[in-house]
Amino acid sequence: MPSPTAPLFRFGVVADPQYAALEPNLALDRYPAKSLAKLKEAIAEFNRHDLAFVVTLGDIIDGRWESFDAVLPVYQTLRNARHFLLGNHDFAVAPEHLTEVAARVGMPSAYYDFAHGGYRFIVLDGNEISLFASPEGDPRRAEAKVLMKALHEAGAPNSQRWNAAISDTQHAWLAAKLLKAKAAGEKVVIMNHYPIFPENSHNALDSDRMLALLAEHDHVVAYLSGHNHEGNFGFVDGTYFINFKGMVDTEDSNAYAIVSVYEDRLEIEGFGREENRVLALQGA
């Protein structure tokens, strides 16, 4: 049984609200216009707790630049610090806005890190190498096509145009951050819109490369993602891979979570369709 001691800290998680003033996508059971009400409900719950921060794991909007004008004021009602990362739908905007998305949501940069309670949180920009996040003619689009072709020829299920990868530069930055956290005695939680494990058609284009890097570091306790709205879960090489369910899905059920961080475990309290989990930390 979990011990009754107080957590070191707690934080809230939202995945894929995908707000836009659009008609429902009945084939996918997605209701983007209803996400404002769902987000307000989640924030009302978050505001009842002493949380270190709330993170949204990408796909804040479902396209249309003006969608940010409606959804960001809802986030302003949070009493807790908030952290964003971006997903593929956040770039479904006019080409002239592609380079402005991170600034529009107030991110310090497209990828960044922060520390809290003996943990290093590393926030990735999983969209760098993609067919959607860069302007036409950008070499990163060509790089994404090469990656997708290789995956397709290998029979990989994630060779999909809605997936993406991080650049060599960001990969090197991540590797350096992991080493620095290790030297500082910090545990690490990585956040990326795109899952990398278990194998799935929604996984990042560079999931194998990312998994190989994380396998070298026993202080990476969790990798949090969205993108696959059905959710997913896995554990390999000492790291938990938690894919949170999409808020935008279903007409009236919500999905969000509060994570409590203890010395020896993570406890995830799921709301709506999100699941409860108790995850023992290796070596604790």
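Residues numbered from 1 in each chain as written. Predicted model: local features only at pLDDT ≥ 70, side-chain atom pairs only at ≥ 80, totals over all residues. Heavy atoms only, no water.

(A) Structural context of the overall build of the protein. Along its length, the protein carries six helices and twelve strands. Its C-alpha atoms give the protein a radius of gyration of 18 Å, within 12% of the compact-globule value 19 Å for 284 residues. Across its three principal directions, the C-alpha atoms of the protein cover 55 × 40 × 35 Å. Counting every position in the protein, which comprises 284 residues, the buried fraction comes to 57%. (Helix = DSSP H or I, 4+ residues; strand = E, 2+ residues; numbered from the N terminus. Rg over C-alpha atoms; globule rule 2.2 N^0.38 Å. Buried < 20%, exposed > 50% of the residue type's maximum accessible area, 1.4 Å probe, protein only.)

(B) A look at the packing of aromatic side chains. Scanning the entire structure with this criterion turns up 18 aromatic pairs. When the ring of Phe 235 is compared with that of Tyr 240, the centres are 4.5 Å apart and the planes differ by 40°; the resulting orientation is tilted. Owing to a relative accessible area of 9%, Tyr 240 belongs among the buried residues under this scheme. Three or more aromatic residues link up through ring pairs in this structure, and these residues are Phe 9, Phe 11, Phe 53, Phe 114, Tyr 119 and Phe 121. Across the ring face of Tyr 262, the terminal group of Arg 265 is positioned such that the distance to the ring centre comes to 3.6 Å. (Phe/Tyr/Trp six-rings, centres within 6.5 Å; stacked < 30°, edge-to-face > 60°. Lys NZ or Arg CZ within 6 Å of the ring centre and 35° of its normal.)

(C) Geometry of the nonpolar core. Ranked by size, the top nonpolar core spans 80 residues in total, and within it Phe 11, Val 71, Tyr 75, Ile 190, Met 191 and Phe 244 carry the most contacts. Among all residues touching Phe 244, those that are not within four sequence positions of it are Val 13, Ala 15, Leu 57, Leu 224, Ser 225, Gly 226, Asn 228, Gly 231, Ala 257, Val 259, Ile 268 and Glu 274. One finds Leu 131, Ala 144, Met 148 and Ala 165 within the second-largest nonpolar core, a separate group that totals seven residues. (Core = buried A, V, L, I, M, F, W, Y, C linked by side-chain atoms within 4.5 Å. Contact = heavy atoms within 4.5 Å.)

(D) Summary view of the sheet that holds strand β6 (residues 187–191). Across the sheet, which stays open at both edges, the six strands sit in the order β4-β5-β6-β7-β9-β8 with mixed pairing between neighbours. With one partner strand each, in any of the chains shown, β4 (112–116) and β8 (232–236) form the two edges of the open sheet. The sheet shows a mean angle of 15° between the axes of neighbouring strands, direction not considered. As paired elements, strand β7 (residues 220–225) and strand β9 (residues 239–243) share four bridges and run parallel to each other. Residue Ser 225 lies in a different strand from β9, and its bridge partner there is Asn 243. Of the strands in this sheet, β4, β5 (119–123), β6 and β7 touch helix α5 (residues 168–183), which is tilted by about 175° from β5. The strands touched by helix α6 (residues 207–214) are β6, β7, β8 and β9; relative to β7, the strand with the most contacts, the crossing angle is about 155°. (Pairing = 2+ DSSP bridges. Axes fitted to C-alpha atoms, helices over the stretch in contact; angles between N-to-C directions.)

(E) Inspection of the packing of α5 against α6 at higher detail. It is the contact of α5 with α6, at a shortest axis distance of 11 Å, that shows an interaxial angle of 20°. In terms of axis orientation, α5 runs roughly parallel to α6. Pair α5 / α6 crosses with right-handed handedness. Residues Asp 168, His 171, Leu 174, Ala 175 and Leu 178 of α5 pack against Arg 209, Met 210, Leu 213 and Leu 214 of α6. Looking at the contact of α5 with α6 residue by residue, the class counts come to six nonpolar, one polar and two charged. (Parallel < 35°, antiparallel > 145°, perpendicular 65-115°, else oblique. Left-handed = near helix turned anticlockwise from the far one by under 90°. Nonpolar A, V, L, I, M, F, W, Y, C, P; charged D, E, K, R; others polar.)

(F) Structural view of helix α1 (residues 35–46). Between its first and last C-alpha atoms α1 spans 16 Å; for twelve residues at 1.5 Å apiece the expected length is 16 Å, and the two agree. Those residues of α1 not exposed but buried are Ser 35, Leu 36, Lys 38, Leu 39, Ala 42, Ile 43, Glu 45 and Phe 46. Buried positions along α1 lie against β1 (9–14), β2 (53–57), α2 (67–75), β10 (255–261) and β11 (265–272). (Expected span 1.5 Å × (residues − 1).)

(G) Molecular detail of the side chain of Glu 128. Here Glu 128 shows up in the loop between β5 and α4 (139–153). For Glu 128, which is buried and forms no salt bridge, the nearest opposite charge comes from Arg 140, at a distance of 4.7 Å. For Glu 128, the side chain forms a polar contact with the side chain of Gln 170, separated by 2.6 Å. Every residue in contact with Glu 128, bar those within four places of it in the chain, is listed here: Tyr 111, Ser 134, Arg 140, Ala 165, Ile 166, Ser 167 and Gln 170. (Lys, Arg positive; Asp, Glu negative; His and termini not counted. Salt bridge = Lys/Arg side-chain N within 4 Å of Asp/Glu carboxyl O. Polar contact = N/O pair within 3.5 Å; in protein donor to acceptor, adjacent residues only side chain to side chain.)

(H) Broad picture of the sheet that holds β10. Taken together, six strands build an open sheet; the order of strands is β3-β2-β1-β10-β11-β12 and the sheet is mixed. The open sheet has two edge strands with one neighbour each: β3 (81–85) and β12 (277–280). Ignoring which end each strand starts from, the neighbouring axes of this sheet average 20° apart. Where β10 meets β11, seven bridges bridge the pair, whose relative direction is antiparallel. When the sheet's bridge partners are listed, Val 261 is paired in β11 with Leu 266. Packing of α1 onto the sheet brings it into contact with β1, β2, β10 and β11, and relative to β10 it is tilted by some 25°.

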